[in-house]
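# Secondary and tertiary structure notes
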Amino acid sequence: AQKVTQAQTEISVVEKEDVTLDCVYETRDTTYYLFWYKQPPSGELVFLIRRNSFDEQNEISGRYSWNFQKSTSSFNFTITASQVVDSAVYFCALSEAGRGTDKLIFGTGTRLQVFP
Amino acid sequence: EAGVAQSPRYKIIEKRQSVAFWCNPISGHATLYWYQQILGQGPKLLIQFQNNGVVDDSQLPKDRFSAERLKGVDSTLKIQPAKLEDSAVYLCASSLDRLAGAAGELFFGEGSRLTVL
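These remarks concern the structure in this document. Quantities reported herein were computed from a predicted structural model and do not represent experimental measurements. (Residues numbered from 1 in each chain as written. Chains lettered and ligands numbered in written order. Predicted model: local features only at pLDDT ≥ 70, side-chain atom pairs only at ≥ 80, totals over all residues. Heavy atoms only, no water.)

## Examining the overall build of chain B
The helix and strand inventory of chain B stands at one helix and eleven strands. Rg of the C-alpha trace for chain B: 13 Å, near the compact-globule value of 13 Å for 117 residues, within the 12% margin. On the principal axes, the C-alpha backbone points of chain B span a range of 40 × 25 × 25 Å. Within the span of chain B, comprising 117 residues, buried residues form 47% of the whole. Across chain B, the fraction of contacts at a sequence separation of at least 24, relative to all contacts at a separation of at least 6, is 55%. When the accessible surface of chain B is split by element, carbon and sulfur atoms take 51% of a total near 5,700 Å². Separation of charge centres in chain B, based on 13 positive and 12 negative side chains, amounts to 7 Å. (Helix = DSSP H or I, 4+ residues; strand = E, 2+ residues; numbered from the N terminus. Rg over C-alpha atoms; globule rule 2.2 N^0.38 Å. Buried < 20%, exposed > 50% of the residue type's maximum accessible area, 1.4 Å probe, protein only. Contact = heavy atoms within 4.5 Å. Areas by Shrake-Rupley, 256 points an atom, 1.4 Å probe, with all protein chains shown as cover. Lys, Arg positive; Asp, Glu negative; His and termini not counted. Charge placed at Lys NZ, Arg CZ, Asp CG, Glu CD.)

## Describing the interface of chain A and chain B
Listed per partner, the contact involves 19 residues of chain A and 24 residues of chain B. Between chain A and chain B, a total of about 1,600 Å² is buried, with carbon and sulfur atoms accounting for 50% of that surface. At the junction of chain A with chain B, the criterion picks out one salt bridge. The residue B:Glu105 makes a salt bridge to A:Arg50 at a minimum N-O spacing of 3.2 Å. The interface formed by chain A and chain B includes three residue pairs in polar contact (both at pLDDT 80 or more). Of all elements in the fold, only strand E5 (33–39), strand E6 (46–52) and strand E10 (88–95) of chain A reach the threshold of two or more residues within the side of chain A that touches chain B. (Buried area = accessible area lost by both parts, 1.4 Å probe. Salt bridge = Lys/Arg side-chain N within 4 Å of Asp/Glu carboxyl O. Polar contact = N/O pair within 3.5 Å; in protein donor to acceptor, adjacent residues only side chain to side chain.)

## Considering the sheet that holds strand E8 (residues 75–79) of chain B
Residue and element names in this part refer to chain B. In spatial order, the strands read E1-E3-E8-E7; together these four strands make up an open sheet with antiparallel pairing. Every interior strand has two partners, whereas the edge strands, strand E1 (5–7) and strand E7 (65–68), have only one. Pairs of neighbouring strands in the sheet enclose a mean axial angle of 15°, with direction left out of account. Here E1 pairs with strand E3 (residues 19–24) via three bridges, running antiparallel. Within the sheet, the bridge partner assigned to Gln6 lies in E3 and is Cys23. (Pairing = 2+ DSSP bridges. Axes fitted to C-alpha atoms, helices over the stretch in contact; angles between N-to-C directions.)

Next up, the structure:
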């Protein structure tokens, strides 16, 4: 069955520290997408990144970087030099595109608090 | 460009009462989703529409929840009668089409927070 596990419930850091949010997924499919979303206090989820199962290349976007490793079924998210505005709940999600379904399976989220 | 609009933002009701939530997606978006997010959990899909047809409602508790998207634009989610465990944030999202949705290109509203006493 599909499952996304975010073992870290809450992380607190001081501004300018680097922080890594872990995500482990389970799927029987060979074709799938992985995602990260940010949920600020206002409530809406904001799409950050998508990776497909055939592209294990790591990605960097400004202070954000993502490490996708199929061997460990992990898709971790690192924020470099964290800022107070990064405070939010971050969700990792999975969709099994190969099954013809577009349903997203979300993890339970990691609440990140960045203190000044 | 206007985002996904939802109302009301907050609603408090007693158990066994009914409640309705409204969602207006981004103009031109064919696919609309209702997610339920219970405190401390990730969002869970309740129902997905493609235009005015239902694509997936496998996780919708049909004995008490109903949803419609009659003209393929805005949508209403109703709960009747409400139970304590329905306390959650109800998120509406839209995507250009199912392909975009499967690729995670969902645009979410700010949600409607329901408290059932």
